[in-house]
Amino acid sequence: MAIEAYITRPKILIPEKVSPDGLALLKEQFEVDERKGLNPEQLKEIIGQYEALIVRSETKVTAELLGAAKKLKVVARAGVGVDNVDVKTATSLGIIVVNSPSGNINAAAEHTIALMMSVARNVADASHSIKAGKWERSRLTGIEAKGKTLAIVGLGKVGLTVARIANGLGMRLIAYDPYANQNLAAAASVTLLPSLADILTQADFLTLHTPLIASTKGMISKAELASMKPTARILNVARGGMIDEDALVEALDAGTIAGAGIDVFTSEPPEADSSASRLIAHPKVVATPHLGASTKEAQENVSIDVCEQVVSILSGELPRSAVNAPIILPEEYRTLQPFVTLLEKMGSLYTQHYSGKVNATSFRTTFDITYEGALAELNTTKPLFAALVKGLLSPISEILNINIVNAELVAKERGILINEQRSRENVDDKPYSSFITLRARASRSSSQARQGRSGSPLSTRVPQTTASATGQAQLHPNPQSATSSESSEQVIQGFVSGNKPFISRLDRFKGEFVPQGTLLICRNFDSVGKIGYVGNLLGKAGVNIKFMNVAPLHDDEAGETHNGNESKEALMILGVEGEVTEDVRKGLISPEGALEASLVVL
Ligand SMILES: NC(=O)c1ccc[n+]([C@@H]2O[C@H](COP(=O)([O-])OP(=O)(O)OC[C@H]3O[C@@H](n4cnc5c(N)ncnc54)[C@H](O)[C@@H]3O)[C@@H](O)[C@H]2O)c1
Ligand SMILES: O=C(O)[C@H](O)COP(=O)(O)O
């Protein structure tokens, strides 16, 4: 009997080096197989025996591998990035993917500083030179960090940690992150600047700490490098692909960039004759083989973090950092799913529409959300809250471990404050039973932030960290924007009809549209020729218009012109197919066309 119990213990496969601290938590209950050096074929052959797989960044967890994993319940990534895991296929097969979003932040930040100092003082070159029997002192003279400007792109967990350390080195700190928490930036002595261009021209050192997503891919390319000082040095401990490696090699060759410290590459390990291998070979580059998280401490942290989650999952409990955990429980699915989708779309629409607007105000972080009608009767709005947080962050984050378990914590970390209210009024005269209004507030007093909204029948989820001395709950003004004022209202309203989500109000405009696909949202004067101008320009750019809605001013706004102009404004919402480049979007903004144009993908 005892032997049988041993044989049937669930098996866990670990094909990479994962710290033993976490594995010790598994060994009592499970059979743990550490099998390094397996090739994809060998992995595929044996994966069918295992209920859990624990990996770092080297194992490619492909659809093919997952297809062969008949018993697999969980893929645990002992680290942050899940770019080596086919999360979509895992989700479709009901396999939970977990990671450790915070365990290696300090290690990545310290590695950035190590690379910065190595590049500044030619440490790698000097070490190589002296080992070769040379004694080269004047060629290897460096520069100091003190008094230099460190420009940070992406002021999230790693970026802020780098800032705090660099502050101790006496550096001047500037950053570009349209979604950063202003209070945390100020506390770390970082000045947030409104555009990437602003920080590039001032940087003595430029360091990247964003995820690799559409808006950051190739963000440092030929033009960006050309705008920097020839004495500037570049650091990347985030992800390969954010810097155009060929352009950087060219700039280093031409002497228009002085040096670089790079930990991550477009191909890992670099293929022979690739742009990554040329960059690594460059004499002005200090390169490391993706070592950002490779410290004893970080490996202990991530190992314990994910192994605890593997234990939870194999014991039938919810993990704390599931990348693909459902927001709603099966029993809530029928009633809540359409509203969960609506909230996610409203959040994503908010982030993309308001932060992408030409000269818009800022990406705000204080939201009032009102559930009206039948929704007001819900026992819990946790799934709706989680869906909103997920929607707000999905356009700016590669990893969306947001679910009912962690949504409040994630919101708090990002300085997002959401006040929920219910109202049973207002829907009697409507063809649907519930609707939801999202309002982003420009500012909020710190005492309000601490107390929540008085009289609200729902518990208010109030991250204490957002309360600042000035009461500013807002992020910094968006670089690209100028027409809306700080106090202008940012409102999105939606409802569900026939299980389908609809947006019924955006900004000052009313008009129903389905929040799905690629949408171009243009604000224009409601006058002759505007639709023709936009249609013509899109036609020339090869962009197909699938549908178009015109949203006039909302009843509350009718009669106001907002621009001191007699002509009223309207929104043109176009569902499009084909690539809308930044040049095309900007081209829509003209006296004959739109006042503003934003592109959103929902
Ligand atoms: N080299 C390594 O071993 C190693 C270790 C840990 C993390 N990382 C990488 O470091 C990066 C940062 O990790 P993190 O934990 O700090 O992430 P995070 O999500 O906490 O922070 C990312 C920040 O980037 C900002 N951002 C998003 N889009 C932007 C844009 N277009 N322009 C400017 N800013 C933008 C976000 O607002 C956020 O503040 C990730 O790519 C992660 O994979 C690498
Ligand atoms: O995403 C991460 O956590 C880092 O890039 C570290 O990757 P690693 O676990 O392979 O060192």
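Only a predicted model underlies this, so the values are computations on that prediction, with no experimental measurement involved.

**Section: the site of ligand 2**
Moving on, step 1. By nearness alone, every residue bordering ligand 2 is listed as R56, S57, R77, A78, G79, V80, G81, N104, R239, H290 and A293.
Moving on, step 2. A distance of 2.9 Å separates an oxygen atom of ligand 2 from a polar atom in the side chain of R77.
Moving on, step 3. One of the side-chain N or O atoms of R239 is found 2.7 Å from an oxygen atom in ligand 2.
Moving on, step 4. Out of a free accessible area of 320 Å², ligand 2 has 92% covered by protein chains.
Moving on, step 5. Classifying every residue of the shell around ligand 2 gives three nonpolar, five polar and three charged.

**Quick word on the environment of A386**
Moving on, step 1. Note on placement: A386 falls in helix α16 (residues 382-393).
Moving on, step 2. With 24 residues separating them in the primary sequence, A386 and V410 have C-alpha atoms 9.4 Å apart.
Moving on, step 3. Once you skip the residues sitting within four places of it in the chain, A386 turns out to touch I327, I402, N403, I404 and A407.

**A short note on the site of ligand 1**
Moving on, step 1. Near ligand 1 lie 28 residues; those nearest to it are K157, V158, D177, T210 and V237.
Moving on, step 2. S215 places a polar side-chain atom, nitrogen or oxygen, 3.1 Å from a nitrogen atom of ligand 1.
Moving on, step 3. Within the complex, the protein chains bury 95% of what would otherwise be the 870 Å² of accessible surface of ligand 1.
Moving on, step 4. Of the residues contributing to the shell around ligand 1, the split by class is 13 nonpolar, nine polar and six charged.

**Here we look at the sheet that holds strand β21 (residues 518-525)**
Moving on, step 1. Within the open sheet, the four strands sit side by side as β22-β23-β21-β24. Their pairing is antiparallel. For this open sheet the edge positions go to β22 (544-552) and β24 (596-601), each flanked by a neighbour on one side alone. Neighbour-to-neighbour, the strand axes of the sheet open up by a mean angle of 20°, direction not taken into account.
Moving on, step 2. Relative to strand β23 (residues 569-577), β22 is paired through eight bridges, and the arrangement is antiparallel. Bridge assignment links I545 to a residue of β23, and that residue is V576.
Moving on, step 3. Across the face of the sheet, helix α19 (residues 530-540) comes into contact with β21, β22 and β23 while running at roughly 25° to β23.

**Notes on the pairing of strand β1 (residues 11-14)**
Moving on, step 1. Because side chains alternate across β1, one face comprises the buried residues K11 and L13, and the other comprises I12 and I14, equally buried.
Moving on, step 2. The pairing of β1 with strand β2 (residues 31-34) spans four bridges and is parallel. In the strand pairing of β2, L13 is matched with D33.
Moving on, step 3. In the classification by handedness, the crossover that spans β1, the intervening helix α2 (residues 20-27) and the parallel β2 is right-handed.
Moving on, step 4. Looking at chain direction, β1 and strand β3 (residues 52-55) are connected through two bridges and run parallel. Bridged to L13 within β3 is L53.

**With respect to α19**
Moving on, step 1. Restricting attention to buried positions, one finds in α19 the residues K530, V534 and L538. Taken down its axis, α19 places every buried residue within 55° of arc, on the same side.
Moving on, step 2. Check the buried side of α19 and you find it contacts β21, β22, β23 and α20 (582-587).
Moving on, step 3. In the segment just after α19, G542 is the residue with positive phi, at about 75°.

**Details of the side chain of R505**
Moving on, step 1. You can see R505 is positioned in strand β19 (residues 500-506).
Moving on, step 2. On the basis of relative accessibility, which here comes to 4%, the residue R505 falls in the buried class.
Moving on, step 3. Separated by 3.0 Å, the side chain of R505 and the backbone oxygen of D507 make a polar contact.

**Looking at the packing of helix α6 (residues 105-121) against helix α8 (residues 157-168)**
Moving on, step 1. Look at α6 against α8: their axes get within 8 Å of each other, and the N-to-C directions meet at 50°. The angle between α6 and α8 places the two elements in the oblique class. Of the two elements, α6 crosses α8, and the hand of that crossing is right-handed. Residues I105, N106, A108, A109, E110, T112 and I113 of α6 touch α8, and the partners they reach there are K157, V158, T161, V162, I165 and A166.

**Some thoughts on the side chain of Q309**
Moving on, step 1. Looking at the secondary structure, you find Q309 in helix α14 (residues 296-314).
Moving on, step 2. Since its relative accessible area comes to 1%, Q309 is described here as buried.
Moving on, step 3. Apart from the residues lying within four places of it in its own chain, the contact partners of Q309 are V98, N99, P319, R320, S321 and A322.

**Let's talk about the packing of aromatic side chains**
Moving on, step 1. Counted by the stated rule, this structure contains three aromatic pairs.
Moving on, step 2. Geometrically, the ring pair formed by F495 and F502 is stacked, given 5.2 Å between the ring centres and 10° between the ring planes. F502 matches F495 in its accessibility class, with the two residues each being buried.
Moving on, step 3. Through successive ring pairs, a cluster of aromatic residues spans Y350, Y354 and F367.

**Overview of the UniProt feature "domain: D-isomer specific 2-hydroxyacid dehydrogenase NAD-binding" (unreviewed entry) in the protein**
Moving on, step 1. With numbering aligned to this structure, UniProt lists the feature "domain: D-isomer specific 2-hydroxyacid dehydrogenase NAD-binding" (unreviewed entry) at residues 113-292.
Moving on, step 2. Each end of residues 113-292 is marked by a C-alpha atom, and these two atoms are 11 Å apart; helix forms 36% of the span and strand 16%.

**Quick word on the pattern of salt bridges**
Moving on, step 1. If you walk through the whole model with that rule in mind, you get 17 salt bridges.
Moving on, step 2. Among the charged side chains, a salt-bridge network with shared partners connects R508, R523, E569 and E596.

**A word on helix α12 (residues 245-254)**
Moving on, step 1. Where α12 is concerned, the buried positions are E245, A247, L248, V249, A251 and L252.
Moving on, step 2. Here the buried face of α12 lies against α11 (222-226), β10 (233-236), β11 (259-262), α13 (275-281) and β12 (285-287).
Moving on, step 3. The opening residue of α12 is D244, an N-cap whose side-chain oxygen sits 3.1 Å from the backbone nitrogen of D246.
Moving on, step 4. Of the residues trailing α12, G255 is marked for its positive phi of about 75°.

**Some points on the nonpolar core**
Moving on, step 1. By size, the foremost hydrophobic cluster in this structure holds 49 residues, and its most contacted members are L349, L384 and I436.
Moving on, step 2. Residue contributions to this core peak at nine residues, all from helix α15 (residues 333-356).
Moving on, step 3. The contacts of L384, once residues within four sequence positions are left out, are L336, F339, V340, L343, Y371, L375 and L378.

Analysis parameters
- Residues numbered from 1 in each chain as written.
- Chains lettered and ligands numbered in written order.
- Predicted model: local features only at pLDDT ≥ 70, side-chain atom pairs only at ≥ 80, totals over all residues.
- Heavy atoms only, no water.
- Near = heavy atom within 4 Å.
- Polar contact = N/O pair within 3.5 Å; in protein donor to acceptor, adjacent residues only side chain to side chain.
- Areas by Shrake-Rupley, 256 points an atom, 1.4 Å probe, with all protein chains shown as cover.
- Nonpolar A, V, L, I, M, F, W, Y, C, P; charged D, E, K, R; others polar.
- Helix = DSSP H or I, 4+ residues; strand = E, 2+ residues; numbered from the N terminus.
- Contact = heavy atoms within 4.5 Å.
- Pairing = 2+ DSSP bridges.
- Axes fitted to C-alpha atoms, helices over the stretch in contact; angles between N-to-C directions.
- Buried < 20%, exposed > 50% of the residue type's maximum accessible area, 1.4 Å probe, protein only.
- Right-handed = clockwise from strand over helix to strand, strands pointing away.
- Arc of directions from axis to C-beta.
- Parallel < 35°, antiparallel > 145°, perpendicular 65-115°, else oblique.
- Left-handed = near helix turned anticlockwise from the far one by under 90°.
- Phe/Tyr/Trp six-rings, centres within 6.5 Å; stacked < 30°, edge-to-face > 60°.
- UniProt positions renumbered as here; feature names shortened; annotations may be inferred.
- Salt bridge = Lys/Arg side-chain N within 4 Å of Asp/Glu carboxyl O.
- Core = buried A, V, L, I, M, F, W, Y, C linked by side-chain atoms within 4.5 Å.

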